[in-house]
Amino acid sequence: SRTLVAAAAQMGPIALSDTRREVVARLIALLHEAASRGAELVVFPELTLTTFFPRWYMTDPDEIDAFYETEMPGRETLPLFEAAKKLRIGFYLGYAELVVENGVKRRFNTSILVDRDGEFVGKYRKIHLPGWDAPQPDLKSQHLEKYYFEPGDLGFNVFEAFGTRVGMAICNDRRWPETYRVMALRGSEMILVGYNTPDDHTGNFDFDSLTQFHNQLSIQAGAYQNSNWVIATAKAGHEEGSNLIGQSMIVAPSGQIVAMATSTDDEVVVAKCDLDMAALYRKTIFDFARHREPEHYRLIVEN
Ligand code: ING
């Protein structure tokens, strides 16, 4: 059967003072460890070049712009692309994207996919932005992604790569069933998702104490209900006063967790993914063509 050795390359905390050069050196070290364990594809976290800056409310444009990339690869990220090409490893990389389109500055929470030959395969811009667009009075850490980013404008696309069809998502997207279903309807067999998930998102302990459970629940459900492998990678650990959960994991189309990180630091977890495993689920319980009844689902796409 068709197999793909995939790795989740979890990053521990990135301090505000950590330079891109220092971060890229850690990413390259994770690449080498993944390569030594046979990985062909490595999934890095969301916004993995800087600290998770949407936890703060900033107003100075230069201070804010310093967290974004205006080119990918750029001078400081090129070594990562070169190392991956030499190791013949493809990768998913999450970063803050700043582009000027028609003279307008646009900001997105973005991921890219690069294949084993170092070729650019595709780009995704995060569609589900959690939190708020203005600071909330009673929160220790803010969550201001709606202030720092626009909703993605590229849709949920699926790319021919690694001998299969691969989709991308980012963080909060993994909590929304539509994310997986649209990509599965487009034929994906594997979905890659990076995340930064603080354990105090609402300030309500009944909710926040279930953050790890909700992380697993979302990813396992998405994988099983759409017969997809899901590689989900955390930026983890105690970062600038915020506790980000780890639990980077590789989940099979059966919904089983095949591998999971046990630390909240830099850590690689690897699994040999049987891409034909999805076929069994698609021929039986989740044969979309035979079982779906779209005429009863219309409400889902109404505002
Ligand atoms: N972070 C979080 C996520 O969706 C969050 C926001 C945290 C939601 C905790 C619910 C609970 O995983 C991002 N960056 O989307």
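Throughout, a residue's number is its position along its own chain's written sequence, starting from 1. Residue-level local features of this predicted model are given only where pLDDT is at least 70; pairs of side-chain atoms are given and counted only at 80 or more, and the full residue set underlies all totals for whole chains, interfaces and linings. Just so you know, side-chain values use all the structure's heavy atoms and leave hydrogens and water out.

As recorded in an unreviewed UniProt entry, the chain goes by Putative amidohydrolase and comes from Martelella mediterranea.

Participant: Explain a nonpolar patch on the surface to me, using residue names and the numbers behind them.
Facilitator: Residues Leu210, Phe213 and Leu217 make up a contiguous nonpolar surface patch of roughly 280 Å² in combined accessible area. Secondary-structure assignment places Phe213 in helix H7 (residues 211-225). Since its relative accessible area comes to 48%, Phe213 is described here as partly exposed. Like-charged residues are merged into a patch within 9 Å and nonpolar side chains (Val, Leu, Ile, Met, Phe, Trp, Tyr) within 5 Å, provided each residue has over 30% relative accessible area and no salt bridge. The accessible surface values rely on the Shrake-Rupley method and a 1.4 Å probe; as for residues, cover is taken only from the protein chains in view. Counted as salt bridges are all cases of a side-chain nitrogen of Lys or Arg within 4 Å of a carboxyl oxygen of Asp or Glu. Runs of E in the DSSP output that reach at least two residues are strands. Runs of H or I that reach at least four are helices, and both are numbered from the N terminus. Residue burial is assigned from relative accessible area. The probe radius is 1.4 Å, only protein chains are included, and a residue is buried under 20% of its type maximum, exposed over 50%, and partly exposed in between.

Participant: Can you tell me about the environment of Leu41, naming the residues and giving the values?
Facilitator: Within the secondary structure layout, Leu41 lies in strand S2 (residues 41-43). Using a relative accessible area of 0% as the deciding quantity, one classes Leu41 as buried. Beyond its immediate sequence surroundings of up to four residues, Leu41 is in contact with Leu4, Val5, Ala6, Ala7, Ile89, Gly90, Phe91, Leu113, Phe162, Met190 and Leu192. What makes two residues a contact is simply this: any of their non-hydrogen atoms within 4.5 Å.

Participant: Before we move on, could you go through the sheet that holds strand S13 (residues 257-260) and cite the residues and values that matter?
Facilitator: At least two bridges found by DSSP between two strands is the condition for calling them paired. Here we have 6 strands laid out as an open sheet, ordered S6-S7-S8-S9-S12-S13, and mixed in their pairing. Taken across any chain shown, the strands that pair with only one partner, and hence form the sheet edges, are strand S6 (158-161) and S13. Direction aside, neighbouring strands of the sheet carry axes that sit 20 degrees apart on average. Here strand S7 (residues 164-170) runs beside strand S8 (residues 190-196); their pairing, made up of 5 bridges, is parallel. Residue Met168 lies in a different strand from S8, and its bridge partner there is Leu192. Across the sheet, helix H5 (residues 177-185) is in contact with S6, S7, S8 and strand S9 (229-235); its angle to S7 comes to roughly 160 degrees. Convention adopted: a line fitted to C-alpha atoms gives each axis, helices being fitted over their contacting stretch, and angles between N-to-C directions are expressed from 0 to 180 degrees.

Participant: Explain H7 to me, and be specific about the residues and the numbers.
Facilitator: Note: α-helices contain 3.6 residues per turn, so residues at a spacing of three or four share the same orientation. Every helix has an expected span of 1.5 Å times one less than the residues it contains. Spanning 15 residues, H7 covers 21 Å between terminal C-alpha atoms, matching the ideal 21 Å at 1.5 Å per step. For H7, the complete set of buried residues consists of Thr211, Asn215, Ser218, Ile219, Gly222 and Ala223. Around the axis of H7, the buried residues are gathered within 115 degrees of arc, so they sit on the same side. In this structure, the buried side of H7 is in contact with H5, S8, helix H6 (205-208), S9 and strand S12 (249-251). Where H7 terminates, the next one or two residues include Ser227, which has phi positive at roughly 50 degrees. Note: the arc covers the axis-to-C-beta directions of the helix.

Participant: Please set out the sheet that holds strand S4 (residues 104-114) residue by residue, giving values where relevant.
Facilitator: Strand order across the open sheet formed by 6 strands is S5-S4-S3-S2-S1-S14, with mixed pairing between neighbours. Pairing within the sheet leaves two strands with one partner each, and these edge strands are strand S5 (120-125) and strand S14 (267-274). When the angles between neighbouring strand axes are averaged without regard to direction, this sheet yields 35 degrees. Helix H1 (residues 20-36) contacts strand S1 (3-10), S2, strand S3 (90-101) and S14 of the sheet and is inclined by roughly 40 degrees relative to S14. Of the strands in this sheet, S3 and S4 touch helix H3 (residues 78-87), which is tilted by about 150 degrees from S3.

Participant: Mind laying out the nonpolar core, listing which residues take part and the relevant values?
Facilitator: Only buried residues count toward a nonpolar core, which is a set of Ala, Val, Leu, Ile, Met, Phe, Trp, Tyr and Cys residues joined through side-chain atoms within 4.5 Å. Ranked by internal contacts, the top residues of the largest apolar core, which has 43 residues, are Leu113, Met190, Leu192, Val230 and Ile231. Setting aside residues up to four positions removed in sequence, Ile231 forms contacts with Ala6, Ala7, Ala8, Val43, Met190, Ile191, Leu192, Val193, Met249, Ile250 and Cys273. In terms of nonpolar packing, the next biggest core, distinct from the first, is built from 28 residues, Ala9, Ile28, Ile89 and Val114 among them.

Participant: Explain H3 residue by residue, including any values.
Facilitator: Those residues of H3 that sit buried are Leu80, Phe81, Ala83 and Ala84. End-on view of H3: buried residues confined to an arc of 165 degrees, all on one side of the axis. Exposed side chains of H3 directed beyond 90 degrees from the buried face belong to Lys85 and Lys86. Taken together, the buried residues of H3 touch H1, S3 and S4. Just beyond H3, the residue with positive phi is Arg88, at close to 55 degrees.

Participant: Tell me what's going on with the site of the ligand, and back it up with residues and numbers.
Facilitator: Proximity is defined per residue: any heavy atom of the residue falling within 4 Å of a molecule or strand makes that residue near it. Residues in contact with the ligand amount to 15 residues; listed here are only the nearest, Glu145, Cys171, Asn172, Arg175 and Thr197. Distance and chemistry together define a polar contact, namely a pair of N or O atoms within 3.5 Å, with one atom able to donate a hydrogen and the other to accept it when in protein, and with adjacent residues in sequence counting only for side-chain atoms on both sides. One nitrogen or oxygen atom from the side chain of Arg174 is found 3.1 Å from an oxygen atom belonging to the ligand. The contact in question runs from an oxygen atom of the ligand to an N or O atom on the side chain of Arg175, over 2.8 Å. Protein chains bury 97% of the 370 Å² of accessible surface belonging to the ligand in isolation.

Participant: Describe in detail the confidence of the model for the chain, supporting the description with residues and values.
Facilitator: Per residue, pLDDT captures the predictor's confidence, and it can take any value from 0 to 100. Scored by pLDDT, the chain has a mean of 97; 100% of the residues are at 70 or more. Here helix H8 (residues 277-283) is the element of the chain with the lowest mean pLDDT, 90, and S2 is the one with the highest, 99. For this predicted complex, the interface score ipTM comes out at 0.95, alongside a pTM of 0.98.

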